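Here are the chains, one letter per residue:
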Amino acid sequence: GAGVSQSPSNKVTEKGKDVELRCDPISGHTALYWYRQSLGQGLEFLIYFQGNSAPDKSGLPSDRFSAERTGGSVSTLTIQRTQQEDSAVYLCASSLVTGSEQFFGPGTRLTVL
Amino acid sequence: AQSVSQHNHHVILSEAASLELGCNYSYGGTVNLFWYVQYPGQHLQLLLKYFSGDPLVKGIKGFEAEFIKSKFSFNLRKPSVQWSDTAEYFCAVNSRSGGSYIPTFGRGTSLIVHP
């Protein structure tokens, strides 16, 4: 079946603009995660959705970052008033249930000029 | 908060050499442990996982890892590496918090295998 997909694959934006990144998880997976991957920094956990529960937003670096997951499926990560330090690869992953292995998408490379 | 340490950031080996990548996490409780691999130009994918049972787990491509609870460690090993093992390796710990698991990843280890 189809894996996790993300769009766009690349996004170049100007400082101060808002961006939206999309994630389509594997059908039937109840958990969805967003991460940020910077060079040499590993994966930084941002936010986690589990079923219909309130998301765990503990990893969001500032209030400029938000995410939603509609209908328990597609998720959108929004970054408002982008800054140059937001430049990174944003990865989405889903898992069948919380705690199980994660399946990753290809990522969105965000460049803020 | 949970933290995951990968001791080797860059490893360079020749083919047929043995590999061991260290991974330690900061505190116990209920954890699920993973190693993920990212080959050049590909997605992150699961290499192996440990939830419970035999602390020596085997994964794909001849990799194995040993969970040592007393040392909070989950080191990755392979007896004889191949050029195709060149990749970035990430250790991950899912820590139980209430009714869910929160993931924490290490910084990753870049492995280069020379033919």
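Residue positions within a chain follow its written sequence, with the count starting from 1. The order in which chains are written sets their letters, starting at A; the order in which ligands are written sets their numbers, starting at 1. pLDDT decides what is reported in this predicted model: residues at 70 or higher carry local features, side-chain atom pairs at 80 or more are listed and counted, and totals for whole chains, interfaces and linings draw on all residues regardless. Processing note: side-chain calculations cover all non-hydrogen atoms of the structure and skip hydrogens and water entirely.

**Examining the overall build of chain B**
For clarity, the cut-off: Strands here mean DSSP runs of E at least two residues long; helices mean DSSP runs of H or I at least four residues long; both are numbered from the N terminus. All radius of gyration figures rest on C-alpha atoms, and the globule criterion is 2.2 Å times the number of residues raised to 0.38. Any residue under 20% of the maximum accessible area for its type is buried, any over 50% is exposed, and the rest in between are partly exposed; the area is computed with a 1.4 Å probe on protein chains only. Whether two residues are in contact is decided by their heavy atoms: any pair within 4.5 Å suffices. The accessible surface values rely on the Shrake-Rupley method and a 1.4 Å probe; as for residues, cover is taken only from the protein chains in view. Asp and Glu count as negative and Lys and Arg as positive, but His and the ends of the chain are not part of the count. Lysine's charge is taken at NZ, arginine's at CZ, aspartate's at CG and glutamate's at CD.
Secondary structure assignment for chain B yields 0 helices and 12 strands. The order of helices and strands in chain B, counted from the N terminus, is β-β-β-β-β-β-β-β-β-β-β-β. Its C-alpha atoms give chain B a radius of gyration of 14 Å, near enough to 13 Å, the size a compact globule of 115 residues would have. Expressed as lengths along the three principal axes of its C-alpha atoms, the size of chain B is roughly 45 × 30 × 20 Å. The proportion of buried residues among the 115 residues of chain B is 49%. At a minimum sequence separation of 6, the contacts of chain B that also span at least 24 residues come to 55%. Approximately 5500 Å² of chain B is accessible, and the part contributed by carbon and sulfur atoms is 52%. Charged side chains in chain B number 9 positive and 7 negative. The centres of these two groups are separated by 8 Å.

**Details of the overall build of chain A**
Assigned secondary structure in chain A consists of 0 helices and 10 strands. Taken from the N to the C terminus, the helices and strands of chain A come in the order β-β-β-β-β-β-β-β-β-β. The C-alpha atoms of chain A give 13 Å as radius of gyration, which agrees with the globular expectation for 113 residues (13 Å, within 12%). Residues counted as buried form 50% of the 113 residues belonging to chain A. Expressed as a percentage of contacts within chain A between residues at least 6 apart in sequence, the contacts between residues at least 24 apart total 55%. Charge centroids of chain A, computed over 10 positive and 11 negative side chains, lie 4 Å from each other.

**Here's the deal with the nonpolar core**
Using the following cut-off: We call a set of buried Ala, Val, Leu, Ile, Met, Phe, Trp, Tyr and Cys residues a nonpolar core when their side-chain atoms join them within 4.5 Å.
Ranked by size, the top nonpolar core spans 28 residues in total, and within it B:Leu19, B:Leu33, B:Trp35, B:Leu48, B:Phe74, B:Leu76 and B:Tyr89 carry the most contacts. When neighbours within four sequence positions are excluded, B:Leu76 is seen to be in contact with B:Leu19, B:Glu20, B:Leu21, B:Trp35, B:Leu47, B:Leu48, B:Phe63, B:Glu64, B:Ala65 and B:Tyr89. Counting 20 residues, the second-largest nonpolar core is a separate cluster that includes A:Trp34, A:Phe49, A:Ala67 and A:Leu110.

**So, the interface of chain A and chain B**
Cut-off, in case you're wondering: Put simply, buried area is the surface a 1.4 Å probe can reach on two separate parts but cannot reach once they are joined, added for both. Salt bridges are counted wherever a side-chain nitrogen of Lys or Arg sits within 4 Å of a carboxyl oxygen of Asp or Glu. Pairs of N or O atoms within 3.5 Å make up the polar contacts considered here, provided that, within protein, one atom can donate a hydrogen while the other can accept it, and that residues adjacent in sequence are counted only when both atoms are side-chain atoms. In this count, Pro and Cys sit with the nonpolar residues alongside Ala, Val, Leu, Ile, Met, Phe, Trp and Tyr, while Asp, Glu, Lys and Arg are called charged and the others, Gly among them, polar.
Listed per partner, the contact involves 19 residues of chain A and 19 residues of chain B. Carbon and sulfur atoms supply 57% of the area that chain A and chain B bury against each other, a total of about 1600 Å² over both sides. The residue B:Lys49 makes a salt bridge to A:Glu101 at a minimum N-O spacing of 3.7 Å. Applying the counting rule to chain A against chain B returns 7 residue pairs in polar contact (both at pLDDT 80 or more). Class assignment of the residues belonging to the side of chain A that touches chain B gives a composition of 8 nonpolar, 9 polar and 2 charged.

**Observations regarding the pattern of salt bridges**
Two side chains with opposite charge may pair up if their charged atoms get near one another. All names here are of chain B. Evaluation of the coordinates by the stated rule reveals 8 salt bridges over all chains. As a salt-bridge pair, arginine 77 and glutamate 64 come within 3.4 Å of each other at their nearest N and O atoms. Here glutamate 64 lies in strand β8 (residues 64-68) and arginine 77 lies in strand β9 (residues 73-78), a separation of 13 residues in the sequence. Since its relative accessible area comes to 23%, arginine 77 is described here as partly exposed. Look at glutamate 64 and you get buried, because its relative accessible area is 17%. Look at the salt bridges and you will find they share partners, linking Lys58, Glu64, Glu66 and Arg77 into a network.

**Concerning the packing of aromatic side chains**
For any two aromatic rings, the description comes down to two numbers: the centre-to-centre distance and the angle of the planes. Our working definition: Any pair of Phe, Tyr and Trp rings, taking the six-membered ring for Trp, is counted once the centres come within 6.5 Å. Such a pair is stacked with planes under 30 degrees apart, edge-to-face with planes over 60 apart, and tilted for the rest.
Taken as a whole and assessed by the stated rule, the structure comprises 13 aromatic pairs over all chains. Where B:Phe63 meets B:Tyr89, the ring centres are 5.6 Å apart and the plane angle is 40°; that geometry is what we call tilted. Placement of B:Phe63 in the loop between β7 (56-58) and β8 and of B:Tyr89 in strand β10 (residues 87-97) is noted, with a sequence separation of 26 residues between them. Taken together, the aromatic side chains of A:Tyr33, A:Tyr35, A:Phe45, A:Tyr48, A:Phe104, B:Phe34, B:Tyr36, B:Phe51 and B:Phe105 make up a single cluster linked through ring pairs.

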